[in-house]
Protein chains: 2
Amino acid sequence: MSHRYLILGLLSERPMTGYDIKKRVQENLSTVTNASYGTLYPMLHRLLKEGAVKVKEIPQRSRPSKKVYRISQAGLDELQAWLKQPASDDQIKREFLLKLYLAKALDPQQLRALVDDRRDEIEARLRSLRAEKKEADSPQQVWVLDYALYLCRAEIDWLKQLEATLGVA
Amino acid sequence: MSHRYLILGLLSERPMTGYDIKKRVQENLSTVTNASYGTLYPMLHRLLKEGAVKVKEIPQRSRPSKKVYRISQAGLDELQAWLKQPASDDQIKREFLLKLYLAKALDPQQLRALVDDRRDEIEARLRSLRAEKKEADSPQQVWVLDYALYLCRAEIDWLKQLEATLGVA
DNA sequence: CCCGCCATGTAACACGTTACATGATTTT
DNA sequence: AAAATCATGTAACGTGTTACATGGCGGG
């Protein structure tokens with residue numbers, strides 16, 4: 001459901017096409033969501049039907065006509081109302097955590113390998129986030145990236161400590 | 001799909017009923033998943049059909065007969081194979097992050113309120129995790145709780161820093 | 001006497017991903 | 001000559017949540 005507000009939020013900045021929204025999400029919001037066309041287009045249709053957005057069709061030569069969506073007053077109201085509500089609980093789905101919990105079934109060497117691989121992966125992610133931050137051009141983007149960076153560092157610390165306890169045992 | 005391995009993993013410790021699994025998940029794994037009966041029972045049926053588990057039905061007076069599931073060799077093999085594979089990417093869905101990103105549409109006071117509320121919430125969560133940790137009785141459980149604790153602390157640090165930059169602006 | 005625990009399950013709904021379909025234009 | 005970009009969309013599939021249905025037993 002929160003893709004609804006993702007769209008309304010982006011349209012509240014400026015009118016956009018579905019295609020624009022997709023690009024914007026990939027560039028700036030990949031930490032938050034991965035919304036695909038299969039989610040975005042149907043949701044735009046729905047928002048239109050419900051009056052939260054309006055659309056202006058711009059014909060193009062030899063291409064599907066561009067549909068520029070613009071948020072309506074009703075849409076703005078809905079967005080505002082949603083923003084004021086406290087955020088619903090996070091849903092973290094960390095397959096890695098599950099594996100770790102189930103690792104009784106694994107011998108110590110394999111467990112060690114699992115943890116080490118994880119650390120490599122997170123460290124790679126940390127580097128790529130740092131690179132992204134250099135390119136960031138809005139405060140909002142920096143906030144989100146910082147968030148991801150803080151979490152990465154925390155996970156690395158935790159992994160180090162975990163490795164230490166595994167080393168002893 | 002990973003509920004499949006959740007079930008296999010828990011059954012690899014000892015035979016259990018669907019009801020037992022649900023309880024276990026609520027008690028020890030709420031950080032990782034919230035699997036409901038509507039997920040668990042159908043998955044057990046499927047695992048049975050596919051030969052990854054076996055079942056023993058124990059009739060009871062005036063209650064649905066208890067179905068105790070036990071993992072099969074095929075199931076164990078599948079679990080091992082899965083555990084050895086690197087974990088797939090995390091999917092973090094943080095509604096709060098989205099709100100923050102879209103907060104251009106919000107005036108500074110409301111933004112402030114959003115951030116403050118979040119901090120209260122996370123601090124409450126931190127306390128409840130600490131309490132849970134005292135009750136923990138397996139290393140695995142401590143690992144998972146520690147993970148959640150590290151993330152909580154990181155988020156609080158990030159929020160503090162965010163509050164500071166908001167205060168200045 | 002009521003509530004929570006035990007214990008199974010299904011059905012409707014909501015959500016999201018992936019792959020497919022189309023096809024010119026611009027960049028490498 | 002190939003690949004990426006622009007630009008729309010649908011359909012099948014997979015997964016998960018919620019609410020419903022059933023009903024005795026034990027403790028406060």
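Note: the structure precedes this text.
Please read all numbers here as calculations on a predicted model, not as lab measurements.

Engineer: Give a description of the nonpolar core that names residues and reports values.
Structural biologist: The biggest cluster of nonpolar side chains holds 108 residues, and the ones touching the most others in it are Leu-10, Ile-21 and Trp-158 of chain A together with Leu-10, Ile-21 and Trp-158 of chain B. Not counting chain neighbours up to four residues away, the residues in contact with Ile-21 of chain A comprise Ile-7, Leu-10, Leu-11, Met-16, Leu-40 and Leu-44 of chain A.

Engineer: Go over a negative patch on the surface, please, and point to the residues and values.
Structural biologist: A cluster of acidic residues, Asp-89 of chain A together with Asp-116, Asp-117, Asp-120 and Glu-121 of chain B, forms a negative patch at the surface. Tracing the backbone through its elements, the reader meets Asp-120 of chain B in helix α6 (residues 108-135).

Engineer: An account of the packing of helix α1 (residues 2-13) of chain B against helix α4 (residues 73-84) of chain B is requested, with residue identities and associated values reported.
Structural biologist: All names here are of chain B. One way to put it is that α1 packs onto α4 with a least axis distance of 10 Å and a crossing angle of 115°. Where α1 crosses over α4, the handedness of that crossing is left-handed. Taken together, the residues of α4 that come into contact with α1 (itself represented by Arg-4, Tyr-5, Leu-8, Gly-9 and Ser-12) are Gly-75, Leu-76, Glu-78, Leu-79 and Trp-82. Tallied by class, the residues present in the contact of α1 with α4 amount to five nonpolar, three polar and two charged.

Engineer: Describe the protein's contact with DNA strand D, naming the residues involved and giving the relevant values.
Structural biologist: Not every one of the 23 residues close to DNA strand D is listed here, only the nearest: Tyr-19, Tyr-41, Gln-60, Lys-66 and Lys-67 of chain A. Within 4 Å of the protein, the atoms of DNA strand D are drawn from sugar and phosphate moieties in a proportion of 71%. In the environment of DNA strand D, a phosphate oxygen lies 2.9 Å from a nitrogen or oxygen atom belonging to the side chain of Tyr-41 of chain A. At a separation of 3.1 Å, a sugar or linking oxygen of DNA strand D approaches a polar side-chain atom of Arg-63 of chain A. Taken together, the elements giving at least two residues each to the surface near DNA strand D come down to α2 (18-28), α3 (37-49) and β2 (63-71) of chain A together with α3 (37-49) of chain B. Here the surface near DNA strand D gets five residues from one element, more than from any other, and that element is β2 of chain A.

Engineer: How would you summarise the protein's contact with DNA strand C if you had to cite specific residues and measurements?
Structural biologist: In the neighbourhood of DNA strand C, 22 residues make up the surrounding shell, with Tyr-19, Tyr-41, Gln-60, Lys-66 and Lys-67 of chain B lying closest. Between DNA strand C and the protein, one listed contact pairs a sugar or linking oxygen with a side-chain N or O atom of Arg-63 of chain A at 3.5 Å. Measuring from a phosphate oxygen of DNA strand C, one finds a side-chain N or O atom of Lys-66 of chain B at 3.3 Å. Every element with two or more residues in the surface near DNA strand C is listed here: α3 of chain A together with α2 (18-28), α3 and β2 (63-71) of chain B. When residues of the surface near DNA strand C are assigned to their parent elements, the largest contribution, five residues, is made by β2 of chain B. Split by residue class, the surface near DNA strand C holds five nonpolar, eleven polar and six charged.

Engineer: Provide a residue-level description of the relation of the copies chain B and chain A, including the pertinent values.
Structural biologist: Here the second copy of the chain follows from the first by a rotation about an axis and a shift along it. For these two chains of identical sequence, chain B goes onto chain A by a turn of 180° and a shift of 0.0 Å along the axis, with RMSD 0.1 Å. Taken together, the turn and the small shift mark the pair as related by a two-fold rotation axis. Among all C-alpha atoms of chain B, that of Ile-92 of chain B lies closest to the rotation axis, at 2.4 Å. Of the residues that chain B buries at the interface, 98% are likewise interface residues in chain A, meaning the two copies contact each other through the same surface.

Engineer: I'd love a proper account of the packing of α2 of chain A against α3 of chain A, names of residues and values included.
Structural biologist: Residues and elements named next belong to chain A. Two elements in contact, α2 and α3, have axes separated by 10 Å at closest approach and are oriented at 135°. As summarised for this structure, α2 and α3 are arranged oblique, according to the angle between their axes. Of the two elements, α2 crosses α3, and the hand of that crossing is right-handed. Here Gly-18, Tyr-19, Ile-21 and Lys-22 of α2 lie close against α3, whose contacting residues are Tyr-37, Leu-40, Tyr-41 and Leu-44. For the contact of α2 with α3, the class distribution of residues is six nonpolar, one polar and one charged.

Engineer: Hey, could you go over the pairing of strand β1 (residues 53-60) of chain A for me, with residue numbers and the actual values?
Structural biologist: Two faces make up the sheet, and in a regular strand the side chains alternate between them. Residue and element names in this part refer to chain A. Pairing between β1 and β2: seven bridges, direction antiparallel. Directly across from Ile-58, in β2, lies its bridge partner Lys-66. The hairpin formed by β1 and β2 contains two residues between the paired strands, and Ser-62 there has a positive phi angle of roughly 50°.

Calculation criteria
Residues numbered from 1 in each chain as written. Chains lettered and ligands numbered in written order. Predicted model: local features only at pLDDT ≥ 70, side-chain atom pairs only at ≥ 80, totals over all residues. Heavy atoms only, no water. Core = buried A, V, L, I, M, F, W, Y, C linked by side-chain atoms within 4.5 Å. Buried < 20%, exposed > 50% of the residue type's maximum accessible area, 1.4 Å probe, protein only. Contact = heavy atoms within 4.5 Å. Patch = residues over 30% accessible without salt bridge, like charges linked within 9 Å, V, L, I, M, F, W, Y side chains within 5 Å. Areas by Shrake-Rupley, 256 points an atom, 1.4 Å probe, with all protein chains shown as cover. Salt bridge = Lys/Arg side-chain N within 4 Å of Asp/Glu carboxyl O. Lys, Arg positive; Asp, Glu negative; His and termini not counted. Charge placed at Lys NZ, Arg CZ, Asp CG, Glu CD. Helix = DSSP H or I, 4+ residues; strand = E, 2+ residues; numbered from the N terminus. Axes fitted to C-alpha atoms, helices over the stretch in contact; angles between N-to-C directions. Left-handed = near helix turned anticlockwise from the far one by under 90°. Nonpolar A, V, L, I, M, F, W, Y, C, P; charged D, E, K, R; others polar. Near = heavy atom within 4 Å. Polar contact = N/O pair within 3.5 Å; in protein donor to acceptor, adjacent residues only side chain to side chain. Least-squares fit on C-alpha atoms with pLDDT ≥ 70 in both. Parallel < 35°, antiparallel > 145°, perpendicular 65-115°, else oblique. Pairing = 2+ DSSP bridges.

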